[in-house]
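# Chains, contacts and geometry: an overview
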Amino acid sequence: MEPGFWHEKWHQQQIGFHQQDINPFLVKYWQQLRLPANTKVFVPLCGKSLDMCFLAEQGHQVIGCELNELAVQQFFSDNQLEMSQTTVGEHQHYQTEQISLYQGDIFTLPKVITQEVTAFYDRAALIAWPESMRAQYAKQLASLLPSGSVGLLVTLDYPQESLIGPPFAVSPTWVEQHLSEDFDIEVLASQDVLADNPRFIKKAVPWLNEAAYLLKRK
Ligand SMILES: C[S@@+](CC[C@H](N)C(=O)[O-])C[C@H]1O[C@@H](n2cnc3c(N)ncnc32)[C@H](O)[C@@H]1O
């Protein structure tokens, strides 16, 4: 989506994607990555996700990238975290002891910022892109991740014709076709979550699958 779309969503606080709880797949599967406490974890398109607090609670250093300034500010104020702010190139850098958020476009994030990450977490980032831009995002993510880094990818899949995204449907076939060049892929889970998603029920979407993948950057 174009930046203006997301700025408007944040301005209007139409942020249905934001979860009040930690993502259950993150809680269930993160330990399978077997990461030491002080691991640097990259969270692309992070919004103000509480999942970053979970990652920090594991002892990790979190590095997020988010386009919208209000999202970043709300993350720190909602969680009563005091941060410092500096400018890094065209990004604003907000920092606490364990959480470092770069506000700006992921496509212009300098690679030096993620060069020491060994893990990543993509929830509602890949699926935020329409198909026409998704592969480009996936390539940018891959280019920001050092070889050997491991991560959790959480996707949604449903019949795309039944709803206008975002979130956009991302099938296991798409994941295999577009990510396997850069990542080793293991499917960890796939389950029907239609009953928990009133927006999809209201639009008579017939089925909705949430999947978790373990990815390793080649
Ligand atoms: C669907 S939301 C998901 C947010 C978060 N991952 C979560 O689980 O709540 C997608 C987020 O990506 C941000 N975004 C969109 N385009 C971006 C870009 N080019 N660079 C960085 N962030 C972007 C949006 O502002 C929005 O907060």
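Look a little higher up for the structure.
Residues numbered from 1 in each chain as written. Predicted model: local features only at pLDDT ≥ 70, side-chain atom pairs only at ≥ 80, totals over all residues. Heavy atoms only, no water.

### Notes on the sheet that holds strand β5 (residues 99-103)
- Strand order in the open sheet formed by nine strands is β3-β4-β5-β2-β1-β6-β7-β9-β8, and the pairing between neighbours is mixed. Sheet topology places β3 (84-88) and β8 (183-192) at the edges, where each strand pairs with a single neighbour. Neighbour-to-neighbour, the strand axes of this sheet turn through a mean angle of 20 degrees, independent of strand direction.
- The sheet contact formed by strand β2 (residues 61-66) and β5 spans five bridges and is parallel. The residue bridging Gly64 from the neighbouring strand is Leu101, located in β5.
- Helix-sheet contacts for helix α5 (residues 131-144) involve β1 (40-44), β6 (119-123), β8 and β9 (209-217), and the interaxial angle to β1 is about 165 degrees. (Pairing = 2+ DSSP bridges. Helix = DSSP H or I, 4+ residues; strand = E, 2+ residues; numbered from the N terminus. Axes fitted to C-alpha atoms, helices over the stretch in contact; angles between N-to-C directions. Contact = heavy atoms within 4.5 Å.)

### Some thoughts on the site of the ligand
- The ligand sits among 15 residues. The nearest are Leu45, Glu66, Asp105, Ile106 and Arg123.
- With respect to the ligand, the backbone of Leu45 contributes an N or O atom lying 2.8 Å from a nitrogen atom.
- Between the ligand and Leu67, the relevant distance is 3.0 Å, taken from a nitrogen atom to a main-chain nitrogen or oxygen of the residue.
- About the coverage of the ligand: the protein hides 96% of its 600 Å² of free accessible area.
- The residue inventory of the shell around the ligand, partitioned by class, reads nine nonpolar, three polar and three charged. (Near = heavy atom within 4 Å. Polar contact = N/O pair within 3.5 Å; in protein donor to acceptor, adjacent residues only side chain to side chain. Areas by Shrake-Rupley, 256 points an atom, 1.4 Å probe, with all protein chains shown as cover. Nonpolar A, V, L, I, M, F, W, Y, C, P; charged D, E, K, R; others polar.)

### Notes on the pairing of β5
- The element β5 is extensively covered by neighbouring structure, given that five of its five residues are classed as buried.
- Here β5 shows a buried face lined by Ile99, Leu101 and Gln103 and a second buried face lined by Ser100 and Tyr102.
- Here four bridges tie strand β4 (residues 91-95) to β5, and the two strands are oriented antiparallel to one another. Across the sheet, residue Gln95 finds its bridge partner in β5, namely Ser100. (Buried < 20%, exposed > 50% of the residue type's maximum accessible area, 1.4 Å probe, protein only.)

### Quick look at empty space enclosed by the protein
- This model, assessed by the stated rule, comprises one cavity of 30 Å³ or more.
- Considered as a void within the structure, the largest cavity measures approximately 60 Å³ in volume.
- Along the walls of the largest cavity sit Phe120, Asp122, Leu126, Tyr137, Ala138, Leu141, Leu153, Leu179, Phe183 and Leu215, which together make up its complete lining.
- Looking at the lining of the largest cavity, the elements that each hand over two or more residues are β6 and α5. (1 Å grid on protein atoms, 1.4 Å probe; cavity = no way out; pocket = protein on both sides within 12 Å on 5 of 7 lines; lining within 4 Å. Points joined across faces, edges and corners; volume = space filled by probe spheres on them.)

Honestly, that's just the spatial picture; any functional story needs more than this.
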